[in-house]
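Commentary on secondary and tertiary structure
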Amino acid sequence: MTRETTATDDSADGDGDDGLSRRGVLQGSAALGAAPIIASAAGAAEAAIGDGPQGIHVAYGQEPTSMMTVAFTGAPAATGATVRYGEPGRLDTAAGATGRPVPGRDAMAYTATLTGLAPDTEYAYEVELNGTTSERRRFRTAPSYDSDAGTDGFTITQVGDHGAADPDNPGQRPGDAHPQMVMAIAESLDPDMQLLAGDISYSNGKPSTWELYFDIHEDLYGGTAGRPATPFMTVPGNHEAEVGTGMVQYDRRLNDAMPIYDPDIDTVSKRRWWNVVYENAFIMGLNTTADACGDLARAEEFVPLYDPRCRTEQGLTYGEVQEQYVRSALQRAEEDDDVKWKIVFFHGPLWTTSPDHEPRRDLQERWGPIFDEYDVDLVMHGDNHVYERTKPIRHTEDLLTYSERRAPASSPQGESAPPPEEAAADLELPFDETDPYGTTYIVNGTGGVSHYPLGVEELYMDTTTDAFFGITRLEIDEKSIDVQYVAAPPLAEQGLDDTTPLTDEFDPNGDAVRVVDEFSIEKDGHGRPIQVEGSPAEPTAPTSLEVTGRRTDDGTVFTARSTNQVTVEITAANDTVELRDRIPAEWDVVGGDYDRVEPGPEGTGTKYVYLDPSAPDDEVRLRADYFVEAPGDADDTGEYTFGPVQARGTDRHGDAGWTAVPGTTSSEVVVGIGMGSTL
């Protein structure tokens, strides 16, 4: 039987005539005030999109055994947009695709929901748009589940903070092949679905970067003629909130393909959370980025989900509406006899050490106890570009008190938080080996963009590393969720080219890819999750301070009394650090980013310049520029050695002393008065 429908443009489906307005849904001031933090998509100059379908990807529907959504982009449909599908060899069914406009682009994002599919069945499909037909691809539906027979096991992979290297995007974040390396690792693990916990394309306001992202990963997310697609299940991160259009790019291209529930909740607030049941696992995606009362220049750090100025027409904050959904969805899972495991993922982490994004204490207090009540087994995040695994967490009053004490003090004097052991004084934290149940929280933002430094070793954290890019793999059966962090070091450390595209020299099954962390989640006699340690292939975090950086000078030869500008940059560190540079005693420091100068060890003819660096961007973690003046006498002619720059950890490796930063030594020649010129 063939069912044919035509593509529609439902841009006026309740979002307003232009498809972008939030009028009548969110009430509150649009003038909350914040400087724009990401580029605007409005009016961006873009090359025209092709007439045919591109960036094809699939996602499971509400019933993964019988529903699949196919999504793609392309020009407005003049002659229709259709997905034809069927068992391989006969595409005898057709579904019309619904198109919605992409802001800043003369293009549409299309979705077609395929229903009535058979469980555990491979289908072929092709997409036609404006008379152009895609190559034939494949997907496979989820198997049926019988609680008496159990499951044969299945695989889920997860990561956050992914991106695509786009040289035409001045606001791009990833600039190399690491995002492709991560998905090559994921593909090699043959997952049944891929979860991405926000910060997906890093378009940052340039719509064509979204199209590039899906083009790069089309064979993985959309399948090929010989390999079924890996359904791509997502939630938004703060980089999905773009100035001028908010999360509409995300909504059109990805969220419209997600299996949205609860139709009674107002249309905007319900859009960015969903859940599915896959065999014996309940999987729920949530949203930690609010639209900020129409002030779309703001992102999650600036407008909390529970901001009282951001109320729906029902008088609830965005967070309260979502919280109602969280409880109702988990209650449904609790009442479903087929559900054994409960897995949740979203962008902003409840529990993390990395200082770039602090723990979401609002969600610790609001969502944490709900996860405890319903015995959620595993919660996965992105946002911080590190890998972290907690001990089993229960949101006791003492643990929340510890978290609050560890928060940076807000006093005018800028007092720092007390160290972990001091903050835990007089508290009983829920990490008792005799009663070790609780939810495990994972941060994996190592999708390929960059690395953030780790923070203080918090008492609630078990395992941390900032040295890899990789995937969290879940192997799920009746007995356990077996979790591995499967990752590789940066390509340059493997001796490979890190420029795009990813070369065939990288082998996702090679020795560079390893299991960095490994553990299991099982159930105790009361159905509560317990964490069981595995055996990682190697230590999960460096045991000593590791810093990389560089120095540059104005030149290599100087006349007497001439000035040399020295630039010190730190590009990576596994701790927060302070810096000093070693310079010849004969040279005088005359200005720049430094705090003080102290003599070096007696008899060495050196002194130390203690630097006062700034943090310019993600690629350069710290930078200091300072100026030194060459000695002025004729008998001072000669060669002088600067460096190496030295770093000292201030948190995790604070007792390790000063460590030389490799590659930060240089030699400068001074020519006395009348004997030469500066080069």
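Criteria and thresholds
Residues numbered from 1 in each chain as written. Predicted model: local features only at pLDDT ≥ 70, side-chain atom pairs only at ≥ 80, totals over all residues. Heavy atoms only, no water. Helix = DSSP H or I, 4+ residues; strand = E, 2+ residues; numbered from the N terminus. Buried < 20%, exposed > 50% of the residue type's maximum accessible area, 1.4 Å probe, protein only. Areas by Shrake-Rupley, 256 points an atom, 1.4 Å probe, with all protein chains shown as cover. Pairing = 2+ DSSP bridges. Right-handed = clockwise from strand over helix to strand, strands pointing away. Contact = heavy atoms within 4.5 Å. Axes fitted to C-alpha atoms, helices over the stretch in contact; angles between N-to-C directions. Polar contact = N/O pair within 3.5 Å; in protein donor to acceptor, adjacent residues only side chain to side chain. 1 Å grid on protein atoms, 1.4 Å probe; cavity = no way out; pocket = protein on both sides within 12 Å on 5 of 7 lines; lining within 4 Å. Points joined across faces, edges and corners; volume = space filled by probe spheres on them. Nonpolar A, V, L, I, M, F, W, Y, C, P; charged D, E, K, R; others polar. Salt bridge = Lys/Arg side-chain N within 4 Å of Asp/Glu carboxyl O. Expected span 1.5 Å × (residues − 1). Phe/Tyr/Trp six-rings, centres within 6.5 Å; stacked < 30°, edge-to-face > 60°. Lys NZ or Arg CZ within 6 Å of the ring centre and 35° of its normal.

**Considering the overall build of the protein chain**
Secondary structure assignment for the protein chain yields ten helices and 38 strands. In the protein chain, which comprises 679 residues, the share counted as buried stands at 58%. Looking at the protein chain as shown, the accessible area adds up to about 26,000 Å², and 46% of this sits on carbon and sulfur atoms.

**Describing the pairing of strand β12 (residues 154–159)**
Of all six residues that make up β12, six are buried, and the element is covered over most of its length. The side-chain alternation of β12 yields two buried faces, one formed by F154, I156 and Q158 and the other by T155, T157 and V159. As paired strands, β12 and strand β23 (residues 469–476) are joined by five bridges and run antiparallel to one another. Counterpart to T155 in the pairing with β23 is E475. Here β12 runs beside strand β13 (residues 193–197); their pairing, made up of four bridges, is parallel. The residue bridging T157 from the neighbouring strand is Q194, located in β13. The parallel pair β12 and β13, bridged by helix α1 (residues 178–188), forms a crossover whose chirality is right-handed.

**Some details on the side chain of T111**
Residue position: T111 is located in strand β8 (residues 108–114). Excluding anything up to four places from it in sequence, T111 contacts T69, V70, A71, G96, A97, T98, D256 and A257.

**Looking at the sheet that holds strand β38 (residues 666–671)**
What links the strands of a sheet is backbone hydrogen bonding, and the strands pair in either a parallel or an antiparallel sense. Judged by pairing direction, the sheet is mixed, and its three strands sit side by side in the order β28-β38-β35 without closing on themselves. One side of each edge strand has no neighbouring strand; the edge strands of this open sheet are β28 (557–559) and β35 (638–642). For this sheet, the mean inter-axis angle between neighbouring strands, taken without regard to orientation, is 30 degrees. As paired elements, β28 and β38 share three bridges and run parallel to each other. Across the sheet, residue V557 finds its bridge partner in β38, namely V669.

**Quick word on α1**
Judged by how many residues are buried, α1 sits mostly within the fold: nine of eleven residues are covered. Following α1 by one or two positions, D190 has its phi on the positive side, about 50 degrees.

**So, the environment of N275**
Among the structural elements, N275 can be located in strand β15 (residues 274–278). Given the relative accessible area of 4%, N275 is considered buried. Distance from N275 to A333, taken between C-alpha atoms, is 9.8 Å for residues 58 residues apart in sequence. A distance of 2.7 Å separates the side chain of N275 from the side chain of Y325, its partner in a polar contact. Polar side-chain contacts of N275 include one of 3.0 Å to the side chain of R332.

**A closer look at unusual backbone geometry**
Of the consecutive residues T500 and P501, the connecting peptide bond is found in the cis state with omega at -5 degrees. Here P501 is to be found in the loop between β24 (481–488) and β25 (514–523). Residue P644 is bonded to the preceding G643 through a cis peptide linkage, with omega at 5 degrees. Turning to its location among the elements, P644 is positioned in the loop between β35 and β36 (646–649).

**Section: the layout of surface pockets**
Taken as a whole, the largest pocket holds about 740 Å³ of empty space. H451, P490, T548, T571 and A572 are, among the 30 residues lining the largest pocket, the residues nearest its centre. Elements represented by at least two residues in the lining of the largest pocket include exactly β27 (547–552) and β29 (563–573). Split into classes, the residues belonging to the lining of the largest pocket amount to twelve nonpolar, eight polar and ten charged.

**Considerations on the sheet that holds strand β34 (residues 622–629)**
Spatially, β27-β29-β34-β31 is the arrangement adopted by the four strands of the open sheet, whose pairing is antiparallel. Bordering the open sheet on either side are β27 and β31 (588–592), each of which pairs with just one other strand. Here the average twist between neighbouring strands, direction ignored, is 30 degrees. In the sheet, β31 pairs with β34 via four bridges, with the strands oriented antiparallel. For V589, the partnering residue across the bridge sits in β34 and is V628.

**Quick word on the side chain of T230**
Note that T230 resides in the loop between α3 (218–222) and β14 (232–235). Classification of T230 by relative accessible area gives buried; the value is 1%. Of note is the side chain of T230, whose polar atom sits 3.4 Å from the side chain of R227.

**Brief notes about the pattern of salt bridges**
Enumeration over the complete set of coordinates arrives at 40 salt bridges. Two residues, E458 and R406, come together in a salt bridge whose shortest N-O distance is 3.0 Å. One end of the pair, E458, is in the loop between β21 (440–444) and β22 (461–465); the other, R406, is in helix α9 (residues 397–406), with 52 residues separating them in the sequence. According to the relative accessible area criterion, E458 is buried, its value standing at 10%.

**Focus: the environment of T465**
Relative to the assigned elements, T465 resides in strand β22. Separated by 78 residues in sequence, T465 and Y387 place their C-alpha atoms 5.4 Å apart. A distance of 3.2 Å separates a polar atom in the side chain of T465 from the backbone nitrogen of A467.

**Quick notes on the environment of Y250**
Checked against the element boundaries, Y250 lands in helix α4 (residues 248–253). The spacing of Y250 and G237 is 13 residues in sequence and 9.7 Å in space, taken between C-alpha atoms. Residues in contact with Y250, not counting those within four places in the same chain, are I200, W210, T234, V235, P236, E240 and N255. At a separation of 3.0 Å, a polar atom in the side chain of Y250 contacts the side chain of T234.

**What to know about helix α6 (residues 318–335)**
Spanning 18 residues, α6 covers 26 Å between terminal C-alpha atoms, matching the ideal 26 Å at 1.5 Å per step. Among the residues of α6, Y318, G319, V321, Q322, E323, Y325, V326, A329, L330 and A333 are the ones counted as buried.

**Things to note about the packing of aromatic side chains**
Applying the stated criterion across every chain yields a total of 22 aromatic pairs. Ring centres of F154 and Y278 lie 4.9 Å apart, and the angle between their planes is 50 degrees; this geometry places the pair in the tilted category. Residue F154 is located in strand β12, and its partner Y278 is located in strand β15; the two are separated by 124 residues in the primary sequence. Owing to a relative accessible area of 1%, F154 belongs among the buried residues under this scheme. On the basis of an interplanar angle of 90 degrees and a centroid distance of 5.8 Å, the ring pair of F558 and W587 is categorised as edge-to-face. Taken together, the residues F558 in strand β28 and W587 in the loop between β30 (577–584) and β31 connect sequence positions 29 residues apart. Assigned by exposure class, F558 and W587 land together as buried. Taken together, the ring pairs in this structure connect W210, Y213, F214, Y221 and F232 into an aromatic cluster. A cation over a ring is seen here: R394 above Y437, with NZ or CZ 4.2 Å from the ring centre. One residue, R580, lies across the ring of Y608, its end atom 3.7 Å from the ring centre.

Any functional reading would require information beyond the geometric quantities listed.
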